[in-house]
Amino acid sequence: MRLILTAFILLSAVLPGHAIEASIERGTAMIDPLALRELDRGRFSIGAMLLPERSTDIPLTTGQVFAVGKMAKARAAIDREFDRYIAKQRQRLPNATIGVGDGFDFQLFDSALLDAADSRFVLAGIVNRMDRSFVDEEGCGEIRLIYRLTRTAMPRNKEDLPTVRLPMTLNLVLKAKGDRARDRRGNAITCSDIAKRWLAAGESSLTGAALAGKLLDEGGPLDLIDYQNIDRIETNIQIAHAPKSAVRDFRTDYLLKVFRYDAQVREFLEAPMENQIDRDRILADDGLRREFKSWLLDPKHLAEFDRGMALIPEKFLASGAIAATPVGFDNSDLQPEFGLMQGEGANPVFAASDVVAALKKAAADGVNLQNIRSLAGFARRLNDVTCSGCHQTRGIGGFHFPGVDWMVEKPSNSSVVPASPHFFGDQARRRDILIASRDGRPPDYSRGFASRPQLRGNTELAGTEYSDGWGAHCYASGKPAAGNDASFRGWTCAAGLACQVAGQISRMGMCFVKSR
């Protein structure tokens, strides 16, 4: 655990500069700080999106956001999650203190900040997720407006002094196409047209206000979306932090929630989280356990699960999750689905023989599994298909997109890294899907494991921490080769680097310079 944490801190400190990352996310995300500032001052502010009828451009404070009628049930659900978390920690660690402030063993996020008048949600990035079109191909996937909770009343006497950004993001998820069928000229809007607009914007050399204007203009990608495209809100809050002590390791927990917009009642309502398998409920219910095992090991569903495209029925899902960080490379109870596999608990859902038989049947039926080729591969997919398992993997803490800080005096000089290695590593796959959509070809929506990007022949990330460079996740192959795990044996390191094993049981680790 100490090795993983040390490597994470070092890796976070040496991530490449913004200029390198800008080429990686071209066409798939917008992280230009000055352009985001312009958009936040207009129709893409959180206030304009939630209350389009407002006639003022004055930003909504955090307290005002959660006072909006349509947000009332979302706020109440977050409060209930805080109560559950506190009760669970007190039951699990009766001798540990928990509360707001440095004097506690578990230092809580101050939920009073959600009522604050001196903070607000600032637009910190816009992300194209047309790679999720397989969920609803007619809707062409999603566009995500990501807002970061930020203090607004803090003095700044140095031009490069960062703003006080609080550990919470609010992700406003929009349908890429929505209900709008035609553009300004009456032409039918297609997924191909939307992809074309995004890719063209990614090739632009414009920055700041000029870029924001191009994105909003007729023919620009943001011209097609507004508040009417809203599908849901996703929140990520660093709910508690426990510093290292004599009795426990450093730990930080993140609360993940989803609230779907119900247009009939005009409210954001708590909703099951996509593929967030409700481990505790399934383990406690024999009927649900049998049903879940039968569903997931069905050959059709297993093939979709392997490709990262399974949509697990809601009856098996949770409506909230805690992503504990950091986690090691060996399976542990910090992972969301620990206990479902044989060897992880007294009464697992999946026996080793169940999974092996399902894999053999898939092979006999001619199903070409791309990722899950072993028991360990199945177990890893069980975790990284969930929201919390993914956020535990190659994140910045429990965030994959903490966002751009454009509120500093000179945002172009800001050293804040806007997104995680997992995020940047996935851009080649997402852009490949955009290109296929633009060109009218059937996209390949599959994805690999969260720990290693699916490059699809792209060499742009070769030798970087996003793929096989220093700090990348890897698998240490042994001899004989037949003993290497088929799901991970391709996770090698670039020339000059070696895989330093960090797990006590697995052969997983990170790529570091070879010792002499």
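That block above? That's the structure.
Computed from a prediction, not measured in an experiment: that's the story for all the values here.

Caption draft 1: Representation of the state of the cysteines within the structure. Under the defined criterion, the tally for this structure stands at three disulfides. Across a sulfur-sulfur distance of 2.0 Å, Cys140 and Cys191 are joined as a disulfide pair. A torsion of -85° about the S-S bond marks the disulfide between Cys140 and Cys191 as left-handed. Of this pair, Cys140 sits in the loop between strand E4 (119-129) and strand E5 (142-151) while Cys191 sits in helix H7 (residues 191-202), and the two are 51 residues apart along the sequence. Looking at the chain, its bonded cysteines, counted consecutively from the start of the sequence, adopt the pairing 1-2, 3-5, 4-6.

Caption draft 2: Molecular detail of the sheet that holds strand E12 (residues 497-501). Pairing is antiparallel in the open sheet, where three strands are placed in the order E11-E13-E12. The two strands at the open ends of the sheet, each matched to only one other strand, are strand E11 (473-475) and E12. The sheet shows a mean angle of 55° between the axes of neighbouring strands, taken without regard to direction. In the sheet, E12 pairs with strand E13 (residues 508-513) via five bridges, with the strands oriented antiparallel. Bridge assignment links Leu497 to a residue of E13, and that residue is Val513.

Caption draft 3: The pattern of salt bridges, seen in detail. Applying the stated criterion to the full structure yields 43 salt bridges. A salt bridge links Arg151 to Asp118, with the nearest nitrogen and oxygen atoms 3.0 Å apart. Here Asp118 lies in the loop between strand E3 (106-108) and E4 and Arg151 lies in strand E5, a separation of 33 residues in the sequence. A relative accessible area of 24% places Arg151 in the partly exposed class. Residue Asp118 is classed as partly exposed on the basis of its relative accessible area, which comes to 28%.

Caption draft 4: Molecular detail of the packing of helix H10 (residues 286-297) against helix H11 (residues 299-306). It is the contact of H10 with H11, at a shortest axis distance of 5 Å, that shows an interaxial angle of 75°. Taken together, the axis directions place H10 and H11 in an arrangement best described as roughly perpendicular. Facing Trp295, Leu296 and Leu297 of H10, the residues of H11 in contact are Pro299, His301, Leu302 and Phe305. The residue makeup of the contact of H10 with H11, split by class, is six nonpolar, one polar and no charged.

Caption draft 5: Molecular detail of the packing of H11 against helix H13 (residues 375-384). One way to put it is that H11 packs onto H13 with a least axis distance of 10 Å and a crossing angle of 75°. Taken together, the axes of H11 and H13 lie roughly perpendicular to each other. Facing H11, whose interface residues are Leu302, Phe305 and Asp306, H13 presents Phe378, Arg381 and Leu382. Taken together, the residues of the contact of H11 with H13 sort by class into four nonpolar, no polar and two charged.

Caption draft 6: Summary view of unusual backbone geometry. Geometrically, the link from Thr325 to Pro326 is a cis peptide bond, its omega value of -10° lying close to zero. Relative to the elements of secondary structure, Pro326 occurs in the loop between strand E10 (320-325) and helix H12 (352-364). You will see that Arg394, though not glycine, has its phi angle at about 50°, which is positive. Of note, Arg394 is situated in the loop between helix H14 (387-391) and helix H15 (421-425). Judged by its relative accessible area of 9%, Arg394 falls in the buried class. Of note, Arg456 is a non-glycine position whose phi angle comes to about 55°, a positive value. You can see Arg456 is positioned in the loop between helix H16 (427-438) and E11.

Caption draft 7: Representation of the pairing of strand E9 (residues 267-270) in the model. Summarising the sheet, strand E8 (residues 251-262) and E9 pair through four bridges and their orientation is antiparallel. What sits directly across from Arg260, in E9, is Leu269. Here E8 folds back onto E9, and the loop between the two strands holds four residues, one of which, Arg266, carries a positive phi near 55°.

Caption draft 8: Seen up close, the pairing of E5. Of all 10 residues that make up E5, nine are buried, and the element is covered over most of its length. Pairing geometry for E4 and E5, over 10 bridges, is antiparallel. When the bridges of E5 are listed, Asn128 appears paired with Ile143. Looking at chain direction, E5 and strand E6 (residues 165-175) are connected through eight bridges and run antiparallel. Among the inter-strand pairings, Thr150 is bridged to a residue of E6, identified as Arg165.

Caption draft 9: Local environment of the packing of aromatic side chains. Going through the model one piece at a time under the given rule, you end up with 17 aromatic pairs. One aromatic cluster is present, formed by Phe292, Phe305, Phe316, Phe350 and Phe378 through successive ring pairs. One Lys or Arg, Arg148, reaches over the ring of Phe399 and ends 5.6 Å from the middle of that ring. Sitting over the ring of Phe488, Arg380 keeps its end group 5.4 Å from the ring centre.

Rules of the game
- Residues numbered from 1 in each chain as written.
- Predicted model: local features only at pLDDT ≥ 70, side-chain atom pairs only at ≥ 80, totals over all residues.
- Heavy atoms only, no water.
- Disulfide = S-S within 2.5 Å.
- Helix = DSSP H or I, 4+ residues; strand = E, 2+ residues; numbered from the N terminus.
- Pairing = 2+ DSSP bridges.
- Axes fitted to C-alpha atoms, helices over the stretch in contact; angles between N-to-C directions.
- Salt bridge = Lys/Arg side-chain N within 4 Å of Asp/Glu carboxyl O.
- Buried < 20%, exposed > 50% of the residue type's maximum accessible area, 1.4 Å probe, protein only.
- Parallel < 35°, antiparallel > 145°, perpendicular 65-115°, else oblique.
- Contact = heavy atoms within 4.5 Å.
- Nonpolar A, V, L, I, M, F, W, Y, C, P; charged D, E, K, R; others polar.
- Phe/Tyr/Trp six-rings, centres within 6.5 Å; stacked < 30°, edge-to-face > 60°.
- Lys NZ or Arg CZ within 6 Å of the ring centre and 35° of its normal.

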